[in-house]
Amino acid sequence: MTDQTPKPDSSATTPAAPTPKPESSATAPAAPPQAAPVEKSELEKKFPDAVKRDARPGYEGDVVSADKLRDVAMYVRDDLDYDFLSSLTAVDYFSDLPNAASHMEVVYHLYKSTGGGSLVFRVQVPRDNAVVPSLIDIYPGADFQEREAWDLYGIRFDGHPDLRRILMWEGFAGHPMRKDWKEAYFEEELKPYKNRWPEGQVYRIEDRNPYGKNNKYPQGLNPETVTETADPLLYENLEKAAREYSEDIDTEQVVVNLGPQHPSTHGVFRMAVRLDGETIVALKPVMGYLHRNHEKIGERNTWIMNMPFTDRLDYLSSMSNNFGYAIAVEKLMGPKAAPPERAEYIRVIMAELTRLSNHLWAIGFLLNDLGAFFTPALYAITERELILDIFEATTGSRMMCNYFRFGGVARDLPAGVLEKIKDLVHERLPRKIDELDLYLTENELVRSRGEGVGVITPEQAIAYSAAGPVLRASGVPYDVRRADPYSIYDRFDFDVAVRYHGDVYDRYMIRIDELRQSLRILQQAIKGIPGGEIMTGKNPYQIRVPAGEAYGRVEGPKGELGYYIVSNGKANPYRYHVRAPSFINLTVLEKMCVGQKVADVVVNLGSIDIVLGEVDR
């Protein structure tokens, strides 16, 4: 399929990045020289007065004027067939130098659900009047992503029906991803902090902050007298959503909160539901209880410092998290960072072992949600533990592996590990997956609680930006490993698992199918792994990444995991964003649950397979 990704071109109307300030975290990528004219993109030809190529070296795509954004988005979806909104995020191009230009930018990455490369466009608006039209009615998957950009950057999406904070609480002061926002424990702009290195006089900044001065609140807010939160607005939106649902019998509706402390919410997560008897008529997910601003931390870290932080997103899928981040940075670094052949094979092996580990866990805990408390889960966890033995032997850790590096992996497979992997994927795991299939798939309770429950159509799954097993169980055979191959996945023979009913049962079955496909890939990778180096060049403690932007994505166990990064050529990322599949897949939860019973909500959530570390970041 032809990649219609726009290529850089000159544009006198594209706002230039602000003038850099030496060694400051607010140093945006520098203004570019004029690029040589190239052929116009599809969007430029269609909207010559509203679309211009992004002229900055290292950037891709078009700059769209805000007043024409909706027209462009409609054309991109309906005429160019880019129907899948993968990522929507913001960047603050801020400079505190006198007379320097500053602006906010919203960046959109879109793909075709039939496969192929990306189409990228962006909108640039003033920082002091950051208003962008909402695309929620064109791409419903923009819902939570627009709310996140509002919450963390203060960009208002005009027309969004429920523009509330999503990760911070409503009494939070400011928008913490802005470059001029400082936390109460602010120490320095960038790591490593000087008191750690080179001075070595380590102290904790919180020890130097007097008690009571370590929080900031909006003007006029007294935290000791606060009696209201965002809940009135939340319940008002629940009521609006419930009006679209009607029954023949007029009954009184009630609001019930499931969570945040509830064993079936898979962590600190809350679902506010409006009930008509036992029937769900509206549902709003409430998250952010674990939010620690992973991305703000990531922009303060050096590039390599972020690798162990990715482990802690989906803490069940450390290797896949490493993989996506490594690919994004390597895209910016160019051919010099291309991993050796052996490292590529090891990466695929570790990623597919991670998929096995994740899906075994997901199946076990879905059975917990169905009421088969812990017996099936323990059988699945037993097999997962054998995979974690491989991780521990190779990386020194069972879960937080910190194994991938830019240009390869941190260390080679130790003696005997490849033989253990070979035994697992050829002998034990095929038998154990067959056992799970035998005992669970035709079980009467599994079928009665899963079939026809939480149905999502193919059109809905695409529109709501669902990814991974949730998308493929709805009849959309979209897998990044096939649709837009990365690493060496194009060398392996495997099928994209797909089911066609879009219900809980198919979301269970798709994971059984994918377990078997991962075994196929692993068997081929083990047979074909070459000898040689596992790292291009030396394993560096510090790198500088060329200026520009990149979006690296992988097919993680829970769906598309993407990293959008911007570099200004220095030792720390200027922008670091995670497209978290657990977070975005929750966008479709309400659609799954309306019309279902209360007990089905728990099963629907389990069938999505979320990890709250990745939801909240």
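Residues numbered from 1 in each chain as written. Predicted model: local features only at pLDDT ≥ 70, side-chain atom pairs only at ≥ 80, totals over all residues. Heavy atoms only, no water.

### Let's talk about the environment of S320
1) Next: Along the polypeptide, S320 turns up in helix α7 (residues 318-333).
2) Next: The sequence separation of S320 and G159 amounts to 161 residues, and the corresponding C-alpha distance is 36 Å. (Helix = DSSP H or I, 4+ residues; strand = E, 2+ residues; numbered from the N terminus.)

### Some words on the sheet that holds strand β13 (residues 548-556)
1) Next: Pairing is antiparallel in the open sheet, where three strands are placed in the order β13-β14-β15. Sheet topology places β13 and β15 (575-579) at the edges, where each strand pairs with a single neighbour. The sheet shows a mean angle of 10 degrees between the axes of neighbouring strands, taken without regard to direction.
2) Next: Bridge analysis of β13 against strand β14 (residues 559-567) gives nine bridges, and the strand direction is antiparallel. (Pairing = 2+ DSSP bridges. Axes fitted to C-alpha atoms, helices over the stretch in contact; angles between N-to-C directions.)

### A short note on the environment of L119
1) Next: Here L119 is to be found in strand β5 (residues 119-126).
2) Next: Using a relative accessible area of 2% as the deciding quantity, one classes L119 as buried.
3) Next: Expressed as a C-alpha distance, the spacing of L119 and L85, which sit 34 residues apart in the sequence, is 9.8 Å. (Buried < 20%, exposed > 50% of the residue type's maximum accessible area, 1.4 Å probe, protein only.)

### Details of the packing of helix α9 (residues 375-395) against helix α10 (residues 417-440)
1) Next: Running from amino to carboxyl end, α9 crosses α10 at an angle of 165 degrees, the nearest separation of the two axes being 11 Å. Between α9 and α10, the interaxial angle falls into the category roughly antiparallel. The interaxial crossing formed by α9 with α10 has left-handed handedness. Counting all contacts with α9, which are made through P376, T382, E383, L386, I387, I390, A393 and T394, the residues of α10 involved are V417, K420, I421, L424, R428, L429, K432 and L440. (Parallel < 35°, antiparallel > 145°, perpendicular 65-115°, else oblique. Left-handed = near helix turned anticlockwise from the far one by under 90°. Contact = heavy atoms within 4.5 Å.)

### Considerations on the pattern of salt bridges
1) Next: All told, the structure shown has 50 salt bridges when counted by the stated rule.
2) Next: Among the salt bridges present, the one from E189 reaches K182, with a minimum N-O distance of 3.2 Å.
3) Next: A relative accessible area of 24% means that K182 is categorised as partly exposed.
4) Next: Across the pair E299 and R575 runs a salt bridge, and its minimum N-O distance is 3.2 Å. Highlighted residues: E299 in helix α5 (residues 294-300) and R575 in strand β15, separated in sequence by 276 residues. For the pair E299 and R575, a shared accessibility class is recorded, and that class is buried.
5) Next: Each of E352, R355, R472, D479, R481, E514 and E555 takes part in a single network of salt bridges with overlapping partners. (Salt bridge = Lys/Arg side-chain N within 4 Å of Asp/Glu carboxyl O.)

### Structural notes on the side chain of R617
1) Next: Following the sequence through the fold, R617 ends up in the segment after α19 (612-616).
2) Next: Judged by relative accessible area, which is 2%, R617 ranks as buried.
3) Next: Side chain to side chain, R617 and E148 meet in a polar contact 2.7 Å long.
4) Next: Of note is the side chain of R617, whose polar atom sits 3.1 Å from the backbone oxygen of E614.
5) Next: If we ignore the near neighbours within four places in the chain, the residues touching R617 are E148, L167, H291, R292, N293, H294, E295, L313, V578, A580, F583 and L612. (Polar contact = N/O pair within 3.5 Å; in protein donor to acceptor, adjacent residues only side chain to side chain.)

### A short note on the packing of helix α8 (residues 341-369) against α10
1) Next: Direction vectors running N to C along α8 and α10 enclose 25 degrees, while the axes themselves pass 13 Å from each other. With respect to α10, the element α8 is oriented roughly parallel. The two elements α8 and α10 cross, and the hand of that crossing is left-handed. Of the residues in α10, those touching α8 at I349, L353, L356, L360, I363 and L367 are I421, L429, L436 and L440.
2) Next: The residue makeup of the contact of α8 with α10, split by class, is ten nonpolar, no polar and no charged. (Nonpolar A, V, L, I, M, F, W, Y, C, P; charged D, E, K, R; others polar.)

### A closer look at the nonpolar core
1) Next: Ranked by size, the top nonpolar core spans 164 residues in total, and within it V76, Y108, L353, Y403, F406 and L586 carry the most contacts.
2) Next: Ranked by the residues each element gives to this core, the list is headed by α8, at twelve residues.
3) Next: No fewer than three residues from each of domain 1 (1-183) and domain 3 (294-616) sit in this core.
4) Next: If sequence neighbours within four positions are ignored, F406 has contacts with W303, I304, M307, Y325, A326, V329, E330, M333, M535 and I543.
5) Next: Of all hydrophobic cores here, the second largest spans six residues; its members include L234, L238, A272 and V286. (Core = buried A, V, L, I, M, F, W, Y, C linked by side-chain atoms within 4.5 Å. Domains from an automatic or database assignment.)

In short, geometric facts, not functional conclusions.
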